[in-house]
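Remarks on the overall topology
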Amino acid sequence: MVSRVEHPAAGYRKIFETVEELNEPIPAEITGVIPSWLRGSLLRMGPGLFEVGDEPFRHLFDGQALMHKFDLEGDQVTYFRKFIKTDTYVRAMTENRVVITEFGTVAYPDPCKNVFSRFFTYFRGVEVTDNCLVNVYPIGEDFYAVTETNYITKVDPDSLETLKKVDLCKYLSINGVTAHPHTEADGTVYNIGNCIGKNMSLAYNIIKIPPAQGDKSDPIEKSQVVIQLPSSERLKPSYIHSFGMTESYFVFVEQPVKINLLKFLSAWSISGATYMDCFQSNESMGTWFHLATKEPAGYMTSHKYRTSAFNLFHHINAYEDQGFIVVDLCTWKGHDFVYNYLYLANLRQEWDEVKKAALRAPQPEARRYVLPLDIHREEQGRNLVSLSYTTATAVLHSDGTVWLEPEVLFSGPRQAFEFPQINYSKFCGKKYSFAYGLGLNHFIPDRIVKLNVQTKETWVWQEEDCYPSEPLFVATPGGTKEDDGVLLSVVVKPGAERPGFLLVLDAMKLTELARAEVNTVIPVTLHGMYKPPSSA
């Protein structure tokens with residue numbers, strides 16, 4: 001899977017440029033053959049506005065939320081996009097400046113105000129962004145564009161119109177939730193976020209949102225906290241981007257990248273700071289794994305798992321097997337925060353400079369950890385993992401902690417297997433073989449990868465001067481094999497006559513089935529979903 005492709009023309013810069021929304025869907029030109037059963041919509045979220053007036057956004061996660069849609073209807077494909085009309089976006093466009101502080105861009109008071117107005121603006125407290133650029137997913141019969149704060153935005157998946165801003169704090173004890181929930185077959189949604197726990201200490205709450213209600217009421221109004229997990233540091237919760245879920249357990253990985261709550265409240269409110277300014281790394285804690293049971297819901301206080309430090313953003317999958325929980329992760333070695341290397345100034349550099357910056361960043365690695373459930377004190381000092389198909393180890397120490405060492409599923413110099421996807425509907429929380437990911441070459445996305453997590457065999461789709469996005473797996477109706485389906489990815493090829501296209505790959509062989517090209521550049525997208533037709 002190791003990429004030897006170079007990008008001296010720096011065409012990747014185009015995916016970090018502002019675009020305009022479309023007034024109506026535009027038709028795509030199709031080459032190849034799209035499977036006749038593939039009828040639905042690919043929905044994607046990402047940044048689409050990278051500056052307001054003469055004020056640039058600084059970080060990859062700052063640009064204003066743009067929702068994309070490819071509609072597939074037999075031999076016709078159309079593309080559409082609209083900005084989400086969040087409060088953040090509307091106010092920025094109205095005032096022609098950055099009004100609300102984003103992940104890595106600070107909003108300063110209106111320079112037209114007098115000194116007293118500006119002074120009191122600083123003391124109003126933290127104004128949290130609702131810029132929902134990270135993902136879109138269903139809750140009940142509705143769809144929500146999301147980021148990682150307490151605000152989610154209800155959207156119309158057909159017209160892409162913005163419908164409603166929802167504050168989860170009205171229904172849950174939560175400061176924010178991840179953009180990567182888990183959804184069960186009946187539509188029940190689980191998620192996790194940090195909160196104020198007992199004795200004013202920080203904790204992590206796992207929340208549950210029920211499926212669509214028979215009386216047509218809003219499921220969010222019936223959401224609840226089901227489990228609370230303690231934080232290793234009272235006022236410094238770890239950054240959470242995703243979590244794991246098996247058939248019977250939740251898996252939470254507490255990483256050494258921390259949010260300094262005091263700095264968040266003081267520096268931001270008084271002197272002006274960004275989310276990025278409030279992160280710091282704990283160089284001594286390593287990484288902790290926490291387990292909780294689903295039914296009955298409860299934190300497993302007696303199981304303490306530890307390992308060396310790494311950054312974690314995306315879980316691949318987790319499952320139970322013979323008294324163990326197997327957890328597959330996309331990790332970045334060490335405690336240095338990977339997001340420090342995702343400022344737009346870095347990503348827009350010449351290719352040689354991009355590579356130099358990536359050399360200073362943590363090394364990516366796809367890993368498998370195995371957590372034993374049955375732990376006996378007399379077994380200190382020996383490997384507790386007895387699964388024949390993995391080299392991962394777990395050793396019980398005298399203090400009661402279990403030290404974990406991983407099996408490496410993939411590692412290549414500055415080559416990441418990231419934005420992982422699986423055959424989620426059939427294999428989430430179950431033993432599986434295949435994962436699909438976006439290959440990052442020194443942080444630049446330039447390939448799509450299929451990984452056999454059992455044999456470590458890889459397959460790659462890559463094309464010169466093409467920059468793909470997270471590949472989404474769509475199963476073939478009635479298919480019996482795990483990888484029987486297609487992968488959908490939005491690809492940008494700068495300089496081409498039709499520079500943006502939807503790529504359709506055979507998920508088994510990773511060969512191209514079709515592409516649907518449009519005459520517009522499509523900026524970087526982060527996450528999204530495939531929505532089957534309404535009648536499905």
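Residues numbered from 1 in each chain as written. Predicted model: local features only at pLDDT ≥ 70, side-chain atom pairs only at ≥ 80, totals over all residues. Heavy atoms only, no water.

**Topic: the overall build of the protein**
The cut-off we apply is this: By the criteria applied, helices consist of DSSP H or I runs no shorter than four residues and strands consist of E runs no shorter than two, each listed in order from the N terminus. Each radius of gyration reported is based on C-alpha atoms, and the globular scaling rule is 2.2 Å times the count of residues to the power 0.38. Working definition: with a 1.4 Å probe on protein chains only, accessible area under 20% of the residue-type maximum means buried, over 50% means exposed, and in between means partly exposed. We call two residues contacting when some pair of their heavy atoms lies within 4.5 Å. Method for areas: the Shrake-Rupley scheme with a 1.4 Å probe, in which residue coverage is limited to the protein chains shown. For the purpose of counting charges, residues Lys and Arg are taken to be positive, whereas Asp and Glu are taken to be negative. His and the chain ends are not included. Lys charges are placed at NZ, Arg charges at CZ, Asp charges at CG and Glu charges at CD.
Scanning the protein from terminus to terminus reveals 6 helices and 37 strands. In terms of overall dimensions, the protein is globule-like: its C-alpha atoms have a radius of gyration of 23 Å, near the 24 Å expected for 536 residues. Across its three principal directions, the C-alpha atoms of the protein cover 70 × 65 × 60 Å. For the protein, buried positions account for 60% of its 536 residues. Taking contacts inside the protein between residues at least 6 apart in sequence as the whole, the part at least 24 apart equals 63%. Carbon together with sulfur atoms contributes 50% to the accessible area of the protein, which is approximately 21400 Å² in total. When the 52 basic and 65 acidic side-chain charges of the protein are each reduced to a single mean position, those positions are 3 Å apart.

**Some details on the sheet that holds strand β24 (residues 324-333)**
As a reminder, the rule being used: Strand pairing is assigned whenever DSSP detects at least two bridges linking the two strands. Axis definition: a line fitted to C-alpha atoms, limited for helices to the stretch in contact. Angles are taken between N-to-C directions and run from 0 to 180 degrees.
Taking strand neighbours across the sheet as the criterion, the 4 strands line up as β23-β24-β25-β28 in an open arrangement whose pairing is antiparallel. Strands at the two margins of the open sheet, each flanked by one partner only, are β23 (310-321) and β28 (407-410). Along the sheet, successive strands turn relative to each other by an average axial angle of 25°, direction set aside. Bridge analysis of β23 against β24 gives 10 bridges, and the strand direction is antiparallel. In the sheet register, Asn311 faces β24, and the bridge partner there is Trp332.

**Here we look at helix α5 (residues 351-360)**
Put simply, the rule reads: Arc definition: directions from the helix axis to the C-beta atoms.
Along α5, the positions that sit buried rather than exposed are Trp351, Val354, Ala357 and Ala358. Mapping the buried residues of α5 onto a view down its axis gives an arc of 120°, with all of them on the same face. Exposed and oriented more than 90 degrees from the buried face of α5 are Leu359 and Arg360. Against α4 (344-347), β30 (434-441) and β31 (444-452) lie the buried residues of α5.

**Focus on the sheet that holds strand β9 (residues 142-146)**
By way of backbone hydrogen bonds, the strands of a sheet pair with one another, either parallel or antiparallel. With antiparallel pairing, the 4 strands of this open sheet are ordered in space as β8-β9-β10-β11. Lying at the two open borders of the sheet, with one neighbouring strand each, are β8 (135-139) and β11 (162-167). Averaged over all neighbouring strand pairs, the angle between strand axes comes to 35°, with direction disregarded. Alignment of strand β10 (residues 151-155) against β11, held across 5 bridges, turns out to be antiparallel. The residue of β11 that forms the bridge with Tyr151 is Asp167.

**Topic: the pattern of salt bridges**
For clarity, the threshold we go by: One speaks of a salt bridge when a side-chain nitrogen belonging to Lys or Arg is within 4 Å of a carboxyl oxygen belonging to Asp or Glu.
Summed over the entire model, instances satisfying the criterion amount to 33 salt bridges. Across the pair Asp352 and Lys355 runs a salt bridge whose closest N-O atoms are separated by 3.9 Å. Remark: Lys355 and Asp352 occur in helix α5; sequence separation between them is 3 residues, near one turn of the helix. Owing to a relative accessible area of 21%, Lys355 belongs among the partly exposed residues under this scheme. Between Arg515 and Glu463 there is a salt bridge whose closest N-O contact spans 2.7 Å.

**As for the nonpolar core**
For clarity, the threshold we go by: Buried residues of nine kinds, namely Ala, Val, Leu, Ile, Met, Phe, Trp, Tyr and Cys, make up a nonpolar core once their side-chain atoms join them within 4.5 Å.
Residues Leu38, Phe70, Tyr339, Phe443 and Leu488 are the most contacted members of the largest nonpolar core, which totals 94 residues. Dropping the residues within four chain positions of it, Leu38 is found in contact with Leu72, Val474, Val486, Leu488, Val504 and Tyr530. Grouped together as the second largest cluster of nonpolar side chains are 42 residues, Leu291, Tyr369, Val370 and Phe427 included.

**Some thoughts on the side chain of His527**
Within the secondary structure, His527 is located in strand β37 (residues 527-531). The class for His527 is buried, based on a relative accessible area of 4%. Apart from the residues lying within four places of it in its own chain, the contact partners of His527 are Leu43, Arg44, Met45, Val134, Asn135, His180, His241, His314, Phe419 and Glu470.

**Overview of the pairing of strand β3 (residues 40-49)**
In terms of burial, β3 is largely enclosed, as 10 of its 10 residues are buried. Strand direction decides the pairing type here: β3 and strand β6 (residues 64-73), joined by 9 bridges, are antiparallel. Each residue of the ladder has a partner; that of Gly40, found in β6, is Leu72. Of the strand pairs in this sheet, β3 and β37 are connected by 5 bridges, and their pairing is antiparallel. In the sheet register, Leu43 faces β37, and the bridge partner there is Met529.

**Overview of the state of the cysteines**
Counted only if it meets this: In plain terms, two cysteine sulfur atoms within 2.5 Å form what is called a disulfide here.
On inspection of all chains with the given rule, the structure shows 0 disulfides. The structure places no disulfide on Cys330, whose sulfur is separated from the nearest cysteine sulfur, that of Cys428, by 14 Å. The exposure class of Cys428 is buried, given its relative accessible area of 17%.

**Thoughts on the packing of aromatic side chains**
Applied cut-off: Note on aromatic pairs: the rings of Phe, Tyr and Trp (six-membered ring only in Trp) are paired at centre separations within 6.5 Å, and the planes decide the class, stacked below 30 degrees, edge-to-face beyond 60, tilted for the rest. Working rule: Lys NZ or Arg CZ, within 6 Å of ring centre, within 35 degrees of ring normal, means a charge sits over the ring.
As enumerated under the stated definition, the model contains 28 aromatic pairs in all. Between Tyr12 and Trp351, the ring centres sit 6.0 Å apart and the planes meet at 55°, which makes this aromatic pair tilted. Taken together, the residues span a long stretch of sequence, with Tyr12 in the segment before β1 (26-27) and Trp351 in helix α5 at a distance of 339 residues. Here Tyr12 matches Trp351 in class, with each residue buried. Ring geometry for Tyr239 and Tyr339: centres 5.5 Å apart, planes at 70°, overall edge-to-face. Of this pair, Tyr239 sits in the loop between β15 (224-230) and β16 (244-245) while Tyr339 is found in the loop between β24 and α4, placing the two residues 100 residues apart along the sequence. Under the relative-accessibility criterion, Tyr239 is labelled buried at 5%. Overall, Tyr339 belongs to the buried group, its relative accessible area being 4%. Feature note: the residues Phe61, Phe103, Tyr239, Tyr275, Phe279, Phe313, Phe337 and Tyr339 constitute an aromatic cluster, connected by ring pairs. Across from the ring centre of Tyr151, 4.1 Å away, lies the NZ or CZ of Lys165, which sits over that ring. In this structure, Arg515 packs its charged tip against the face of Phe501, placed 4.3 Å from the ring centre.

**Let's talk about helix α1 (residues 87-95)**
Buried within α1 are the following residues: Thr88, Tyr89 and Ala92. In a view along the axis of α1, the buried residues occupy a sector of 95°, so they form one face of it. Once α1 finishes, Asn96 follows within two positions and takes phi at roughly 55°, a positive value.

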